[in-house]
Amino acid sequence: MKRNRSFHCLWVGQTMANLGDSFFILAMVTLIYQMTGLTLVAALFPLFRVIAVSMSGTVAPLLFGRFHLQRILFMSQASQTVLLAVVVILVFLHGKIEGMIPLLLVLTFVISFLDGWTTPTRNALVPRLVEDGELVEANSLLSTMDQIALLTGWSVGGGILSVMSEAELLSLTWILFAVSTVSTLFIKDRSKVEPKRSSGRWNQIKSGWVNIWNSPAVRIVTAIDLLIVLGAGIWTGAVILVFVNQVLHKGAFWWGIINTGYFAGTMVAGFVILSISKWVSKHIVASMAIGLTGMVLFTFSFSFTTLPWLALTLITLLGPMFQIRRVAQQTILQRNTTNETYPEIASAHYTMLNILYAVSVLLMGYVTDVLGVRYVYWITTIFYILCLILIPQLHRLIKSQAQSSKESR
């Protein structure tokens, strides 16, 4: 994989895009809040993004049936780059743009809609660019860089905003997206898989959902992912802030430290997984079980701690557990689908996760207000236990499929 130029271009391009995306969100939320002074209007920004990405994932199979994956990725990145240029020009030309807020929200919606094609397309490209034995390494590298870009984007972006304007930060975002767009031109899909149109648009749209349901292993992996995302709202900044204030009796400083601890643990784990990628590849279901077991133990323990340093230790240890589970799960999905069906499956999977994440944020916020912040961590621990219960069945299915594959040779 070291000499795989196509994968390296995908990796670099998506890292630049993710970093730019973090800058874009930070700059736009700050700008809109300053222009209106209303938290509700600023909150519409992430809401618009979730709705747009979900809608985009629903219609993505129509593109997969018409264009090659590399071309879809290029169209998505290039279109976002053009629209970002429009946003930058609007912000620079109008010192006070209260009247432009609706237009900025519309542009944000369209940019987010286009961005909704990126992740499923990227994930579908990976097994076409690397060998099966390199999937764990490739997925770990991409996942690790995603976390680094996310952490760097928010931490560095905040520092950048202290010395430059939102318009200048948006200009930097445009440069990152331009680099990402150019990088997609050097990706070569050698799988020779040609787009195939289904009979009718509705059949294309539902193809990913149908394929998920018809594949037992993919169905179980998806169910596990949905359960995990249903509890993901407990790791949002708002819920952790309540935990830090009410349970740890600390302020914003420890809130930032604990948030950083999770990302630091995830990044370190990514590099560890890279070093043991061959073992993880051979014991893929066991790796997923290890990650889930750690998630159960550390989340449950986190809910009871009242010591800030212990809370920081536990959430830092949670990072590696999430990472190894995420990489193993992504690899299982890629191995149990074909190059022809995986784009539609990835799109349906991504759409479900986005919708359920929005539900989780609202649900966990409500439970925190009504019952108390400890309860959301106990509820999420139950979700993780349910995931662990599904692991033996997943192991049997994968083992059975591997045995059938050997017998058919």
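Data block above holds the structure.
A short tour of the structure in this document, coming up. If you're wondering where the values come from, they're calculated on a predicted model, not measured in any experiment. (Residues numbered from 1 in each chain as written. Predicted model: local features only at pLDDT ≥ 70, side-chain atom pairs only at ≥ 80, totals over all residues. Heavy atoms only, no water.)

## As for the overall build of the chain
Logical step 1: Each helix and strand in the chain was counted, giving 16 helices and 0 strands.
Logical step 2: Taking 22 Å as the expected radius of gyration for a compact globule of 409 residues, we find that the chain reaches 21 Å, a close match to that expectation.
Logical step 3: A principal-axis box enclosing the C-alpha atoms of the chain has dimensions of 70 × 50 × 40 Å.
Logical step 4: Every one of the 409 residues in the chain was classed for burial, and the buried ones make up 53%. (Helix = DSSP H or I, 4+ residues; strand = E, 2+ residues; numbered from the N terminus. Rg over C-alpha atoms; globule rule 2.2 N^0.38 Å. Buried < 20%, exposed > 50% of the residue type's maximum accessible area, 1.4 Å probe, protein only.)

## Some thoughts on a nonpolar patch on the surface
Logical step 1: Among the surface-exposed residues, Val268, Val272, Ile276, Trp279 and Ile290 lie close enough to one another that they form a single nonpolar patch of about 430 Å² accessible area.
Logical step 2: Take Val272: it is sitting in helix α11 (residues 252-275).
Logical step 3: Judged by relative accessible area, which is 43%, Val272 ranks as partly exposed. (Patch = residues over 30% accessible without salt bridge, like charges linked within 9 Å, V, L, I, M, F, W, Y side chains within 5 Å. Areas by Shrake-Rupley, 256 points an atom, 1.4 Å probe, with all protein chains shown as cover. Salt bridge = Lys/Arg side-chain N within 4 Å of Asp/Glu carboxyl O.)

## Quick notes on the pattern of salt bridges
For side chains of opposite charge, pairing can occur when their charged atoms come near one another.
Logical step 1: The final tally for this structure, using the stated rule, is 6 salt bridges.
Logical step 2: A salt bridge links Asp189 to Arg128, with the nearest nitrogen and oxygen atoms 3.1 Å apart. Here Asp189 is found in the loop between α7 (166-184) and α8 (201-214), whereas its partner Arg128 is found in helix α5 (residues 118-129), with 61 residues between them in sequence.
Logical step 3: With a closest N to O distance of 3.1 Å, Arg325 and Asp225 form a salt bridge. You can see Arg325 sitting in helix α14 (residues 308-335) and its partner Asp225 sitting in helix α9 (residues 216-230), a full 100 residues away along the chain.

## As for the packing of helix α13 (residues 284-304) against α14
Logical step 1: Interaxial distance between α13 and α14 falls to 8 Å at its minimum, and their mutual angle equals 150°. By the angle between their axes, α13 is roughly antiparallel relative to α14. Crossing hand, α13 versus α14: left-handed.
Logical step 2: Considering only residue class, the contact of α13 with α14 consists of 18 nonpolar, 7 polar and 2 charged. (Axes fitted to C-alpha atoms, helices over the stretch in contact; angles between N-to-C directions. Parallel < 35°, antiparallel > 145°, perpendicular 65-115°, else oblique. Left-handed = near helix turned anticlockwise from the far one by under 90°. Nonpolar A, V, L, I, M, F, W, Y, C, P; charged D, E, K, R; others polar.)

## A look at helix α4 (residues 101-115)
Logical step 1: Taking 1.5 Å of rise per residue, 15 residues should cover 21 Å, and α4 covers 21 Å from first to last C-alpha, within 8% of that figure.
Logical step 2: Buried residues of α4: Ile101, Leu104, Leu105, Leu107, Thr108, Ile111, Ser112, Leu114 and Asp115, and no others. (Expected span 1.5 Å × (residues − 1).)

## Comments concerning unusual backbone geometry
Logical step 1: Positive phi is not limited to glycine here, since His249 has a value of about 55°.
Logical step 2: Here His249 is to be found in the loop between α10 (237-246) and α11.

## Regarding the packing of α11 against α14
Logical step 1: Packing of α11 against α14 leaves a shortest axis separation of 7 Å and a crossing angle of 35°. By crossing handedness, the relation of α11 to α14 is classed as right-handed.
Logical step 2: Residue composition of the contact of α11 with α14, grouped by class: 15 nonpolar, 7 polar and 1 charged.

## Points about the packing of aromatic side chains
Logical step 1: Inspection of the entire model under this criterion finds 12 aromatic pairs.
Logical step 2: Taking 5.5 Å as the distance between ring centres and 65° as the angle between the ring planes, the aromatic pair formed by Trp235 and Tyr377 counts as edge-to-face. Here Trp235 is found in the loop between α9 and α10, whereas its partner Tyr377 is found in helix α16 (residues 373-408), with 142 residues between them in sequence. The pair formed by Trp235 and Tyr377 is uniform in burial state, with each residue classed as buried.
Logical step 3: Relative to Tyr377, the ring of Phe243 lies with its centre 5.4 Å away and its plane at 65°, an arrangement referred to as edge-to-face. Remark: Tyr377 occurs in helix α16 and Phe243 occurs in helix α10; sequence separation between them is 134 residues. (Phe/Tyr/Trp six-rings, centres within 6.5 Å; stacked < 30°, edge-to-face > 60°.)

## Let's talk about α7
Logical step 1: Between its first and last C-alpha atoms α7 spans 27 Å; for 19 residues at 1.5 Å apiece the expected length is 27 Å, and the two agree.
Logical step 2: Buried residues of α7: Glu166, Ala167, Leu169, Leu170, Thr173, Leu176, Phe177, Ala178, Ser180, Thr181, Ser183 and Thr184, and no others.

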